[in-house]
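# Observations on chain architecture
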Amino acid sequence: MKAVYFAWVRERVGKADEEISPPANVRDVAGLIAWLSARGEEYAHAFENPRVIRVAIDRAHVKHEAAISGAREIAFFPPMTGG
Amino acid sequence: MKAVYFAWVRERVGKADEEISPPANVRDVAGLIAWLSARGEEYAHAFENPRVIRVAIDRAHVKHEAAISGAREIAFFPPMTGG
Amino acid sequence: MTTRVRVGEEDFDCAAEVAAISKGRRDLGAIVTFTGLCRDEGGRLAALELEHYPGMAEEEIARVVAQARERWPLEAVTVIHRSGKIAPGAQIVLVVTASSHRAAAFAGADFLMDYLKTSAPFWKKEHPINGPATAWVAAKDDDDRAMERWRK
Amino acid sequence: MTTRVRVGEEDFDCAAEVAAISKGRRDLGAIVTFTGLCRDEGGRLAALELEHYPGMAEEEIARVVAQARERWPLEAVTVIHRSGKIAPGAQIVLVVTASSHRAAAFAGADFLMDYLKTSAPFWKKEHPINGPATAWVAAKDDDDRAMERWRK
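Attention here is on the structure that accompanies the text. (Residues numbered from 1 in each chain as written. Chains lettered and ligands numbered in written order. Predicted model: local features only at pLDDT ≥ 70, side-chain atom pairs only at ≥ 80, totals over all residues. Heavy atoms only, no water.)

## Overview of the relation of the copies chain C and chain D
- The two copies are related by a screw motion: chain C maps onto chain D through a turn of 180 degrees and a shift of 0.0 Å along the axis, at an RMSD of 0.0 Å. The operation mapping one copy onto its partner corresponds to a two-fold rotation axis. For chain C, the residue whose C-alpha comes nearest the rotation axis is Thr33(C), separated from it by 2.5 Å.
- The fraction of interface residues of chain C whose copies in chain D are also interface residues reaches 100%, indicating that both copies meet through the same surface. (Least-squares fit on C-alpha atoms with pLDDT ≥ 70 in both. Contact = heavy atoms within 4.5 Å.)

This is the structure we're talking about:
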């Protein structure tokens, strides 16, 4: 699946998007964030406070309990500040 | 003092404005409306339901209890429907 | 802190009024406009005729604007209310509010419209398509209830 | 029932958007516009930079518009949100609502702005006048509270 990052999450991770292949035991968004955090310092920094990270699966907002199976694109970003 | 009439009050009275000289015992708006009502059929018709008549003294809204002494211009009209 | 109030037969240009308020400014965060239009009421109406109390109309609108300014931090307010005969689709009233913050701009404009409806001395008369008969529009309880929202 | 949603770098013309909605119509009673502008924050700011999630931004705005339409009888809704670098005084966001009745037009526009602020995927970064340092704007509790008003 494709992971995409925005705003300071993107800046901390150091890339706008990437292909990821989490293992089968990573089932929900919270698990995916934990798995990403363990991938390196830049990820650990981006996800150091998982509570503030917002997530969208295939362009729709989801909670951290949401299952990731079948997702094509998972986006991670800070609380929105548009408008 | 000058009396001015608007909308259906004006149409019923049959004029837009007139000079009036109520007697000294007419002290407030309610008394003035009663005095006007007694001036003829057209006034009786215009003021048949005093409760719905709105009044302004010198261009500011007043209640029917307001004193009329010193007033230069008293306006009578239905509830407003602008906007 | 600018206030513009205008009453008369001429039409207005919302974009020009907004430009007059905002041009060259870098401190405004929000501009809300409300434009009231003449509805044809399902094709029944040929025109609305708006009578007003010259002099008091402008003064009462200015009083309502002053109240709005006391309640919200408004940087600029414009109110234009037309009088005379107005055809369906044409403009009747314009309120523009500008503020640093959107909540003030929205609340100010909403409040101004509710108060204008119930306290500015204007009266609408309907000219129906069929026949010369005309009728004064009755005041709506809804409008009084809308105004009650602000008493707190 | 028309809905227009646009996201992109180009500026917008509020008057043209209102005309697109209202031209030739005789059934609209009320048009509300909200324009959000870039403030210079007391002279401190050189520009705002707006990042967005292409694709999701448009879809999320369309979802918010659909919710507004379920709650109020809106005849037309237009939402335009800009992205990229925006100078103080320039326009960022436009919401236009049209309805037969003013209460629906006001509530619809107010609701849309609250929801856009907290759910449309846009992020603001500040470019201060002094130095290259930049900072992401933090989400405001105020905005979350504003949104809570509509949960009832």
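What follows picks up the thread again.
## Side note on empty space enclosed by the protein
All names here are of chain C.
- All told, the structure shown has one cavity of 30 Å³ or more when counted by the stated rule.
- Estimates place the volume of the largest cavity at around 40 Å³.
- Forming the walls of the largest cavity are Arg-6, Val-7, Gly-8, Glu-10, Asp-11, Ile-80, His-81 and Arg-82.
- Elements supplying a minimum of two residues to the lining of the largest cavity: strand S1 (2-8) and strand S4 (74-82). (1 Å grid on protein atoms, 1.4 Å probe; cavity = no way out; pocket = protein on both sides within 12 Å on 5 of 7 lines; lining within 4 Å. Points joined across faces, edges and corners; volume = space filled by probe spheres on them. Helix = DSSP H or I, 4+ residues; strand = E, 2+ residues; numbered from the N terminus.)

## Quick notes on helix H1 (residues 14-22) of chain C
Residue and element names in this part refer to chain C.
- Considered for burial, the residues of H1 that qualify are Cys-14, Glu-17, Val-18, Ile-21 and Ser-22. All buried residues of H1 fall inside an arc of 120 degrees around its axis, so they share one side.
- Where H1 is buried, its residues touch S1, strand S2 (30-37), S4 and strand S6 (91-99).
- Capping the start of H1, Asp-13 holds a side-chain oxygen 3.0 Å from the backbone nitrogen of Ala-15, two or three residues further along.
- Downstream of H1 by a residue or two, Gly-24 has a phi angle that is positive, lying close to 80 degrees. (Buried < 20%, exposed > 50% of the residue type's maximum accessible area, 1.4 Å probe, protein only. Arc of directions from axis to C-beta. Polar contact = N/O pair within 3.5 Å; in protein donor to acceptor, adjacent residues only side chain to side chain.)

## Quick notes on the interface of chain C and chain D
- Listed by partner, the interface residues are 31 residues for chain C and 31 residues for chain D.
- Of the roughly 2,600 Å² buried between chain C and chain D on both sides combined, carbon and sulfur atoms contribute 54%.
- The three residues of chain C that bury the most area against chain D are Arg26(C), Arg102(C) and Phe106(C), which together make up 30% of that side's buried surface.
- Our count for the chain C to chain D interface comes out at six salt bridges. (Buried area = accessible area lost by both parts, 1.4 Å probe. Salt bridge = Lys/Arg side-chain N within 4 Å of Asp/Glu carboxyl O.)

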